[in-house]
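What follows is the residue order along each chain.
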Amino acid sequence: MQLAKVVGTVVATQKSERVDGLKMMILRPMGPDGALSSSYLVAFDAVGAGEGEVVIYATGSSARQTEATQNRPADAVIMAIVDTIELDGALTYQKADDA
Amino acid sequence: MQLAKVVGTVVATQKSERVDGLKMMILRPMGPDGALSSSYLVAFDAVGAGEGEVVIYATGSSARQTEATQNRPADAVIMAIVDTIELDGALTYQKADDA
Amino acid sequence: MQLAKVVGTVVATQKSERVDGLKMMILRPMGPDGALSSSYLVAFDAVGAGEGEVVIYATGSSARQTEATQNRPADAVIMAIVDTIELDGALTYQKADDA
Amino acid sequence: MQLAKVVGTVVATQKSERVDGLKMMILRPMGPDGALSSSYLVAFDAVGAGEGEVVIYATGSSARQTEATQNRPADAVIMAIVDTIELDGALTYQKADDA
Amino acid sequence: MQLAKVVGTVVATQKSERVDGLKMMILRPMGPDGALSSSYLVAFDAVGAGEGEVVIYATGSSARQTEATQNRPADAVIMAIVDTIELDGALTYQKADDA
């Protein structure tokens, strides 16, 4: 899994019927030290994440292992909203500080 | 999933019988800010996408999770045509402007 | 999927019994504009491709979705021989020109 | 699989119900010569690994092939704690020296 | 699949019970021209490969498609020992020359 920040959304009406009802978020991968990647990806949301939140996403077939995404063409899913990140013994992120 | 622009097509008559009837499109991955990648991939089309359109594609085993692609050697599928992209609170793409 | 040129072969007699009878080809990934990658991969052949031909290959679990490769440790398979490539409205490859 | 050093933890209370009870560790991939990568990933722990330990992790669908992770949205799992690494005939890592 | 040279081994006693009895080898990916990659990976051995040998490995779920690795958290497996490599019409590797 990877850490990421939710930075946007994508809307599509013409799509595979199997993705109806799923929200698509734009993620920017993030290191545990808070450094943001220059790349982006689109992920389905299985936990009610909002823009600006730090999340964990899973990719590949594992992205279909949530109630929301099974049997869907989902190769990336947000499966947790991060409370705290601890790196090398120091707290590098705490949700209350940012949200 | 990733955003991409449809930039071409590939035609093949000598192929695995399991891909008969599927259209193969050339995609160029795109960032949510509209920046096009220098790489390309080939994807099956599950939604009737046309050249020049901005789409979302899924890869890996998830690419077989549409009606069109199940049980086929498909590792990439177009599963949605994008209407709007919103990044960092700003609208960065709207289909009507481009199509 | 990706485009590639068949540039060689690998022979192995000491191998998993599950790959008996499959031909292993060396592929060099290729862009739709004909640019060859500096990397290589080994793929099983499901369509009778020959050296010098331009093909399409699939990777991951999807590489096991041909008659030739099911239930085999195949993470890459040639599943089509390319006739034509059209990019940005121009024909960039035609089989008869090269074969 | 890849070698990695356990360098931190992530805590999340709002998450897919399928990951309840699993500990999420931050890994930094490592070469067999001890060189640490500049990238990080988040993995579930199937073997009771602690911070500072050198481990082996598996990714993709294979990450769901432990008792702890089956049917969960796990795309990376720690599946072994390394005792020794031998590279080009020389011992490059021994657990007792570090733990 | 990819070509690689076997360059080392990893030993672990504390591990998922599902990998008991499998040997873990360190591989260095190799081009068909003999050029060695600067990266490494850990793979299970399904064919009795030894250090210094040139092998072919498969990754992802396909790595579980050998008798030795099914239902195990294996994302990379050595599935063949290379006899010969032919690239662009020239023999670039022959086992007898090296072993």
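Read on for an overview of the structure. Computed from a predicted model, the values in this text were never measured in an experiment.

1. Considering the overall build of chain A
For step 1, the next point in the chain: When helices and strands are tallied, chain A shows one helix and eight strands.
For step 2, the next point in the chain: Here the C-alpha radius of gyration of chain A, 14 Å, is about what a compact globule of 99 residues would show, namely 13 Å.
For step 3, the next point in the chain: Taking the principal axes of the C-alpha coordinates as reference, chain A spans close to 45 × 25 × 25 Å.
For step 4, the next point in the chain: Within the span of chain A, comprising 99 residues, buried residues form 58% of the whole.
For step 5, the next point in the chain: A separation of at least 24 residues holds for 51% of the contacts in chain A among residues at least 6 apart in sequence.
For step 6, the next point in the chain: Of the accessible surface of chain A, which amounts to about 3700 Å², a share of 44% is contributed by carbon and sulfur atoms.
For step 7, the next point in the chain: Averaging the locations of the 8 positively and 13 negatively charged side chains of chain A gives two centres separated by 9 Å.

2. Description of the relation of the copies chain A and chain D
For step 1, the next point in the chain: The two copies are related by a screw motion: chain A maps onto chain D through a turn of 72° and a shift of 0.0 Å along the axis, at an RMSD of 0.0 Å. The symmetry that links the two subunits is that of a five-fold axis.
For step 2, the next point in the chain: Comparing interface residues between copies, only 4% of those in chain A also lie at the interface in chain D; the contact surfaces differ.

3. Comments concerning the relation of the copies chain C and chain E
For step 1, the next point in the chain: Rotating chain C by 72° and translating it 0.0 Å along the rotation axis places it on chain E, where the RMSD comes to 0.0 Å.
For step 2, the next point in the chain: Looking at chain C, a mere 3% of its interface residues are interface residues in chain E too, so the copies touch through different faces.

4. Let's talk about the side chain of E:E53
All names here are of chain E.
For step 1, the next point in the chain: Examined against the element boundaries, E53 turns out to sit in the loop between strand 4 (41-45) and strand 5 (54-59).
For step 2, the next point in the chain: From its side chain, E53 meets the backbone nitrogen of G50 in a polar contact 2.7 Å long.
For step 3, the next point in the chain: Not counting chain neighbours up to four residues away, the residues in contact with E53 comprise A4, K5, V6, G48, I81 and K95.

What counts, and where the lines are drawn
Residues numbered from 1 in each chain as written. Chains lettered and ligands numbered in written order. Predicted model: local features only at pLDDT ≥ 70, side-chain atom pairs only at ≥ 80, totals over all residues. Heavy atoms only, no water. Helix = DSSP H or I, 4+ residues; strand = E, 2+ residues; numbered from the N terminus. Rg over C-alpha atoms; globule rule 2.2 N^0.38 Å. Buried < 20%, exposed > 50% of the residue type's maximum accessible area, 1.4 Å probe, protein only. Contact = heavy atoms within 4.5 Å. Areas by Shrake-Rupley, 256 points an atom, 1.4 Å probe, with all protein chains shown as cover. Lys, Arg positive; Asp, Glu negative; His and termini not counted. Charge placed at Lys NZ, Arg CZ, Asp CG, Glu CD. Least-squares fit on C-alpha atoms with pLDDT ≥ 70 in both. Polar contact = N/O pair within 3.5 Å; in protein donor to acceptor, adjacent residues only side chain to side chain.

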